[in-house]
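For reference, the chains in residue letters:
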Protein chains: 4
Amino acid sequence: MAMKVKDNSPPNSAARGRGRPRSDSARRAILRAARELIEENGPTALTMEGIAARAGVGKPTIYRWWPDRHSVAMAALMESESAVSSSGSNSRSPLEALQRQLRKVVALFATSMGRNVTTMIASADHDSELSKAFRNHFVLARREEGRSLLLQAVDRGEIRPDADVEIVLDMIYGALFFRLLMGHAALDDALVKQLLEEALRGLRRRQRRASK
Amino acid sequence: MAMKVKDNSPPNSAARGRGRPRSDSARRAILRAARELIEENGPTALTMEGIAARAGVGKPTIYRWWPDRHSVAMAALMESESAVSSSGSNSRSPLEALQRQLRKVVALFATSMGRNVTTMIASADHDSELSKAFRNHFVLARREEGRSLLLQAVDRGEIRPDADVEIVLDMIYGALFFRLLMGHAALDDALVKQLLEEALRGLRRRQRRASK
Amino acid sequence: MAMKVKDNSPPNSAARGRGRPRSDSARRAILRAARELIEENGPTALTMEGIAARAGVGKPTIYRWWPDRHSVAMAALMESESAVSSSGSNSRSPLEALQRQLRKVVALFATSMGRNVTTMIASADHDSELSKAFRNHFVLARREEGRSLLLQAVDRGEIRPDADVEIVLDMIYGALFFRLLMGHAALDDALVKQLLEEALRGLRRRQRRASK
Amino acid sequence: MAMKVKDNSPPNSAARGRGRPRSDSARRAILRAARELIEENGPTALTMEGIAARAGVGKPTIYRWWPDRHSVAMAALMESESAVSSSGSNSRSPLEALQRQLRKVVALFATSMGRNVTTMIASADHDSELSKAFRNHFVLARREEGRSLLLQAVDRGEIRPDADVEIVLDMIYGALFFRLLMGHAALDDALVKQLLEEALRGLRRRQRRASK
DNA sequence: GGATAATCGAGACGGTACGTCGCGTCTTCAT
DNA sequence: ATGAAGACGCGACGTACCGTCTCGATTATCC
């Protein structure tokens, strides 16, 4: 009995195996079914049997690609067209772009997706690779974009160079997450505005003069 | 802060029924067993049968008072000696007290309890009364303490009166929560210091030399 | 001058003391509830809790009189108005009376009661006193009546005196029971007629001469 | 005697499904465990969990093939080597063979098996296919054998041709069953002798040689 | 082209836990 | 000081999924 190697990289270059190759269509059907089921009933109600049934796939086929239910759910969500990429960077200034991006984040959080993602993060293994990738994909990547924009602002002299960017980022994104999780106060565009105001208070330079 | 969750406190009010009163020792045994099991294996591995077995109690007795596993877990954790109450108010200044309190929060987060609580919050119903009580007990109550301290600081003139306290609070506590959930950066006393520094930058009035 | 008694409640309040007057009414309510429940759903579906609820009685009160569910069921059925007593003694001959009685037995078996009684008998302890009483009440008492009639027939010279009455009785009543239990053939008046014919074949004396 | 009960015979016919075929060893283990437990504690004390535990089988596997406890019990008993088949028919005459067979029936009734079977019959659904099969297997099949023998006796001229065989059969087998259920009189070989005597009285033709 | 081999669907398997029902016992309060 | 109300420990119920293990059928590569 050869050791079974979990290999979930689908286009595994030169197919050396002799047998029937893995069906990528099955893989896609699985993820699609999982995504739909999550959106319909939430990630808690997701079951392997439900996925298999809807995808028209045998359960072992799912287990061939992912080790457990959680992983399938994460993979499914990560392949969503969620994007949230703040690609549209036709902003005049980094801080404006940051504000625009935060609004997108807020909009994402407002959907069921937001809560689903949060649930997944909190109930995940926290140390597994997939879990890290998941957090990175959905949250930390946003934070990275924000960092990039903040650093641009520093470069442009809009922000004081001695600002502790990491802390500021955690304050901003953490505040949004906090309101999502706690639900004690609104999570909307007005919050984004105030948040930026308060987080950057004392960090802004007088731009007119700085630009001179 | 009376926040009635449901009715799992036996001598709740009038209407002292005629039947045998509920056994408070059973109630305590259940919560104790749940607490221990959570600390041993995490809240995910908690099962009703496990609780019943360890508590020496029948399963129906548990279901008589809590609707599901999640509720038992929340109730169990809420009866822990978590405390965290920043009662020790022998601080010279509100901001120092705030720092001390934040350190306690960080210390709590660092324990397994921290992660457990987080998991519970994120996977809960979010709208149920018990869930709200839970969030309030473990997180928002800390935030309330922080608000009280911040307002004291405003009163004393240490903080500018036009500060948006709510936003500042969410930035501070949200940042801590964010690091706990994401695990992308340290969550320690140094963070507390920097966080306060950054959050209050531009809000402080007369910077005293007392800060050491 | 007798005081007007305002106690118009059913139980004869013999014992005024501090409280045991309701016992017998509770007992009757229990049996009544049990009887109704058995007729509605069969003896298998009978539950103590159902009886207590319908009778408006606490469970311990039931257990004060009967040791278990089965006993309550038996007692309930035995207090039914089933009777079946072949009281009608306006028969010209014992054998006619026997036939009439057997028809009554068949009629009883045809009701749900018949099957219920059978189920009770077969699932009972078989050795308990109550169980014996039950069998006697519902089945053996009929057989006793039949024996009496058969013996009368012998006395009158309608049946040969060397007939083995016990065996004949078991053949007759056993055949009815057998058809009830097995359901392989009809259980009706025609059967009664044929049965008597066959069971008594060879036992009959020439009645014409005997009567002369 | 093909009497399809449901579909608990694995290689039943065509329609060889695509999934993993049912494990016949599991099926046998279940029936064996059920049989043993019934013999140990009676059919009333039989539990699905007990069967599953002893058979080393999951509960759902049992429920996959039988709808309830009763059906398992019946199937288990029916697979016993009870047989009782009066195959050994080296008798000189059908009536002798009948007597021999009845003695076997009495012997079976005398074992715990007898009472168990009776309990099962009385507490069964009575209309379900399995229940009919059960009654047929354990009781009516014996009656069928008896009928065959009686008809042989008619053919040979030992029994009058106008005898109502069905009635006679019910009288004979019913009487045995009656004594088993009621327990009011002995159930032994002597009974068999008397029973045949009485049931066939008036039906026998040439009795001269029979009487010494 | 035929053999070989891995994957596919389907679904049964041994399990664990679920949430419910009813048992027979106990405890308290109102009568 | 009895009796209704009802909670208790317990045990079994029947169900939902888990993750694993056969099956026959399919689809590729290798010889």
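The following paragraphs examine the structure supplied in this document. (Residues numbered from 1 in each chain as written. Chains lettered and ligands numbered in written order. Predicted model: local features only at pLDDT ≥ 70, side-chain atom pairs only at ≥ 80, totals over all residues. Heavy atoms only, no water.)

Some words on the relation of the copies chain C and chain D
Rules: Each copy is superposed on the other by least squares, with the fit set by C-alpha atoms of residues at a pLDDT of at least 70 in both. The contact criterion used throughout is that any non-hydrogen atoms of two residues lie within 4.5 Å.
Overlay of chain C on chain D (RMSD 0.1 Å): rotation 180°, translation along the axis 0.1 Å. Taken together, the rotation angle and the small translation identify this as a two-fold axis. Both copies contact each other with a shared surface, as 100% of the interface residues of chain C are interface residues in chain D too.

Section: the relation of the copies chain A and chain B
For the pair chain A and chain B, the superposition axis carries a translation of 0.2 Å, the fit reaches an RMSD of 0.3 Å, and the rotation angle comes to 180°. An overlap of 100% is found between the interface residues of chain A and their copies at the interface of chain B, pointing to a shared contact surface.

Quick look at the interface of chain A and chain B
To be explicit about the condition: Buried area is understood as the total, over both parts, of accessible area removed when two parts are fitted together, assessed with a 1.4 Å probe. Salt bridges are defined as contacts in which a side-chain nitrogen from Lys or Arg sits within 4 Å of a carboxyl oxygen from Asp or Glu.
Counting from both sides, the interface comprises 39 residues of chain A and, opposite them, 39 residues of chain B. Interface area for chain A against chain B, summed over the two sides, is near 3300 Å², with a carbon-plus-sulfur share of 66%. It is F178, M182 and R201 of chain A in chain A that bury the most area against chain B; as a group they hold 20% of the surface buried on that side. Put simply, chain A and chain B have 4 salt bridges between them.

Observations regarding the packing of helix 5 (residues 94-110) of chain A against helix 8 (residues 165-182) of chain A
Residue and element names in this part refer to chain A. The criterion, for reference: The convention used is that axes are lines fitted to C-alpha atoms, helices contributing only their stretch in contact, and that angles between N-to-C directions extend from 0 to 180 degrees. Secondary structure elements follow DSSP: runs of H or I of four or more residues count as helices, runs of E of two or more count as strands, with numbering from the N terminus. Any angle that is under 35 degrees is reported as roughly parallel, and any over 145 degrees as roughly antiparallel; angles of 65 to 115 degrees are reported as roughly perpendicular and all others as oblique. We call a crossing left-handed when the near helix sits turned anticlockwise from the far one by less than a right angle, and right-handed when that turn is clockwise. Asp, Glu, Lys and Arg are counted as charged, while Ala, Val, Leu, Ile, Met, Phe, Trp, Tyr, Cys and Pro are counted as nonpolar; the rest, among them Gly, fall into the polar class.
Interhelical geometry of helix 5 versus helix 8 gives an angle of 20° and a closest axis separation of 11 Å. Comparing their axes, helix 8 and helix 5 come out roughly parallel. Regarding helix 5 and helix 8, the two cross each other, and that crossing is right-handed. Contacts between helix 5 and helix 8 involve L98, Q101, L102, V105, V106 and F109 from the former and I172, Y173, L176, F177 and L180 from the latter. In the contact of helix 5 with helix 8, the residues fall into 10 nonpolar, 1 polar and no charged.

Some remarks on the interface of chain C and chain D
If you look at the interface, chain C gives 39 residues, while chain D gives 39 residues. Carbon and sulfur atoms supply 66% of the area buried between chain C and chain D, which totals about 3300 Å² over both sides. Linking chain C with chain D are 4 salt bridges, by the criterion used here. Notably, a salt bridge pairs D162 of chain D with R201 of chain C, separated by 3.9 Å at the nearest N-O pair. Among the residues making up the side of chain C that touches chain D, the classes are represented as 19 nonpolar, 9 polar and 11 charged.

Observations regarding the side chain of S71 of chain B
All names here are of chain B. As a reminder, the rule being used: Each residue gets one of three labels from its accessible area relative to the maximum for its type: buried under 20%, exposed over 50%, partly exposed in between, using a 1.4 Å probe on protein chains only.
For S71, the position within the fold is in helix 4 (residues 69-78). Accessibility expressed as a relative area gives 10% for S71, which makes it buried. Excluding anything up to four places from it in sequence, S71 contacts W66 and L130.

Looking at the protein's contact with DNA strand E
Threshold: Near residues are defined by distance, with any heavy atom within 4 Å of the molecule or strand qualifying the residue. Any pair of N or O atoms that falls within 3.5 Å is considered a polar contact. Within protein, one atom must be able to donate a hydrogen and the other to accept it, and sequence-neighbouring residues count only if both atoms are side-chain atoms.
Not every one of the 45 residues close to DNA strand E is listed here, only the nearest: R64 of chain A, Y63 of chain B together with K59, P60 and Y63 of chain C. Within 4 Å of the protein, the contacting atoms of DNA strand E are drawn from sugar and phosphate to the extent of 65%. One nitrogen or oxygen atom from the main chain of M48 of chain C is found 3.0 Å from a phosphate oxygen belonging to DNA strand E. Contact between DNA strand E and S23 of chain D: a phosphate oxygen at 3.0 Å from a main-chain N or O atom of the residue. Of all the secondary structure elements, the ones that give two or more residues to the surface near DNA strand E are helix 3 (59-65) of chain A, helix 2 (48-55) and helix 3 (59-65) of chain B, helix 2 (48-55) and helix 3 (59-65) of chain C together with helix 3 (59-65) of chain D. Considering only residue class, the surface near DNA strand E consists of 15 nonpolar, 13 polar and 17 charged.

Considerations on the pattern of salt bridges
Overall, the coordinates contain 70 salt bridges over all chains when judged by the stated rule. Here R201 of chain B makes a salt bridge to E198 of chain B, at a shortest N to O gap of 2.8 Å. According to the relative accessible area criterion, E198 of chain B is buried, its value standing at 3%. Between R27 of chain D and E79 of chain D there is a salt bridge; the shortest N-O distance is 2.7 Å. A residue pair is termed long-range when its members are at least 10 positions apart, and R27 of chain D in helix 1 (residues 24-41) and E79 of chain D in the loop between helix 4 (69-78) and helix 5 (94-110) qualify at 52 residues. In this structure R27 of chain D comes out as buried when scored by relative accessible area, which is 13%. According to the relative accessible area criterion, E79 of chain D is partly exposed, its value standing at 34%. Here the salt bridges share partners, and the residues they tie into one network are R143, E144, R147, E166 and D170 of chain A together with R179 of chain B.

Details of the packing of helix 5 (residues 94-110) of chain C against helix 6 (residues 112-123) of chain C
All names here are of chain C. As a packed pair, helix 5 and helix 6 sit with axes 4 Å apart at the nearest point and diverge in direction by 85°. As judged from the angle between their axes, helix 5 and helix 6 are roughly perpendicular. Where helix 5 approaches helix 6, its residues L108, F109 and A110 are matched on the opposing element by S112, M113, G114 and R115. Residues belonging to the contact of helix 5 with helix 6 are distributed by class as follows: 4 nonpolar, 2 polar and 1 charged.

These values are about where atoms sit, not about what they do.
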